[in-house]
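# Analysis of the macromolecular model
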Amino acid sequence: MSARRRLLLPLGLLACSGMASAQVQLNGMLGARSALLLIDGRPRTLEIGASVAGVKLLGLEDGRATVEVDGRRQVLVLGAQPGRVLGSQAGPAATPQIVMPMGPGGHFTTMGLINGQTTSFLIDTGATSVAISQMEAEKLGLRYMYGQRIVTQTANGVVPAFRLQLSSIRIADIEVHDVEAIVIPGQLGHVLLGNSFLNRFQMRRDNEQMTLELRH
């Protein structure tokens, strides 16, 4: 596939900051020094270190772009479903929120970090804990073999698993700590965000949008 065709793929993550949030999407990469971004729906080509419309491109690596929006860093990932965070700049009484539009298949997905490592998440209100495949856990550097050995019920029946505590889960500007997770055999398309994470939030669904509001 040519570089020109790759730039037309609908790829990216949405980055926002404060009340007047800039919507920034990574739409392609031009070699190792430049990226094609959509900023509030307008295509912009930026070299590393350059700024436009309040967005600065800080770096490019392995299909990811690090940008700075209004003094806040965001990591944009090729292939991610959009997600938005509305931070406390909206007012002194405002509560941080994660806002996710519905993706293909009616699922709500987004990119984020587990213990500082990038991964993709899918909301699963039917899961008791955050669920991670062994393959993904190894990529994230989790020492799950030192966790508690348990058995758990999955769509494929009862399987052995490991229970552990994650130091942190971060989605854009919201980070929660000490989140229970289980690591199960096989491969999942995403890390499942179960209730050990979701219980930290008030959840609200408005048509094709999911809002997670951090509990005080």
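Data block above holds the structure.
A brief look at the structure comes next. Just so we're clear, the structure is a prediction, and the values are computed from it rather than from any experiment.

Let us now look at the overall build of the protein. Along the backbone of the protein there are 3 helices and 18 strands. Counting all 216 residues of the protein, 44% fall into the buried class. Working note: accessible area of the protein is about 11500 Å², and carbon and sulfur atoms make up 48% of it.

Sheet architecture is open: 4 strands sit in the order E4-E5-E6-E7, paired in antiparallel fashion. One side of each edge strand has no neighbouring strand; the edge strands of this open sheet are strand E4 (51–52) and strand E7 (72–77). Pairing of strand E6 (residues 64–69) with E7 involves 6 bridges; the strand directions are antiparallel. The residue bridging threonine 66 from the neighbouring strand is valine 75, located in E7.

Attention now moves to the pattern of salt bridges. Here the idea is simple: oppositely charged side chains can pair when their charged atoms come close. Applying the stated criterion to the full structure yields 4 salt bridges. With its nearest N and O atoms 3.5 Å apart, the salt bridge here joins lysine 139 to glutamate 136. On the criterion of helical spacing, the pair formed by lysine 139 and glutamate 136 is a turn pair, its members being 3 residues apart in helix H2 (residues 134–139). We classify lysine 139 as exposed; its relative accessible area is 62%. Of the charged contacts, one joins aspartate 206 and arginine 204 as a salt bridge, the two residues approaching to 3.2 Å between their closest N and O atoms.

Turning our attention to the layout of surface pockets. Within this model, the second largest pocket holds a volume of roughly 420 Å³. The wall of the second largest pocket is formed by 21 residues, among which Ala131, Gln153, Thr154, Ile182 and Ile184 lie closest to the centre. Those elements giving two or more residues to the lining of the second largest pocket turn out to be strand E13 (148–154), strand E14 (157–171) and strand E15 (174–184). By residue number, the principal contributor to the lining of the second largest pocket is E13, which donates 4 residues. Along the lines of polarity and charge, the residues of the lining of the second largest pocket split into 10 nonpolar, 8 polar and 3 charged.

Take the packing of aromatic side chains next. Inspection of every chain in the model, using the stated rule, returns 2 aromatic pairs. Pairing tyrosine 144 with phenylalanine 162 gives two aromatic rings, centres 5.4 Å apart and planes at 65 degrees, and the pair type is edge-to-face. With tyrosine 144 in the loop between H2 and E13 and phenylalanine 162 in strand E14, this pair connects stretches of sequence that are 18 residues apart. Just as tyrosine 144 is buried, phenylalanine 162 falls in that class too. Ring plane angle 40 degrees and centroid distance 4.9 Å describe the contact between phenylalanine 197 and phenylalanine 201, whose orientation is recorded as tilted. There is no split in this pair, since phenylalanine 197 and phenylalanine 201 are both buried.

What counts and what doesn't
- Residues numbered from 1 in each chain as written.
- Predicted model: local features only at pLDDT ≥ 70, side-chain atom pairs only at ≥ 80, totals over all residues.
- Heavy atoms only, no water.
- Helix = DSSP H or I, 4+ residues; strand = E, 2+ residues; numbered from the N terminus.
- Buried < 20%, exposed > 50% of the residue type's maximum accessible area, 1.4 Å probe, protein only.
- Areas by Shrake-Rupley, 256 points an atom, 1.4 Å probe, with all protein chains shown as cover.
- Pairing = 2+ DSSP bridges.
- Salt bridge = Lys/Arg side-chain N within 4 Å of Asp/Glu carboxyl O.
- 1 Å grid on protein atoms, 1.4 Å probe; cavity = no way out; pocket = protein on both sides within 12 Å on 5 of 7 lines; lining within 4 Å.
- Points joined across faces, edges and corners; volume = space filled by probe spheres on them.
- Nonpolar A, V, L, I, M, F, W, Y, C, P; charged D, E, K, R; others polar.
- Phe/Tyr/Trp six-rings, centres within 6.5 Å; stacked < 30°, edge-to-face > 60°.

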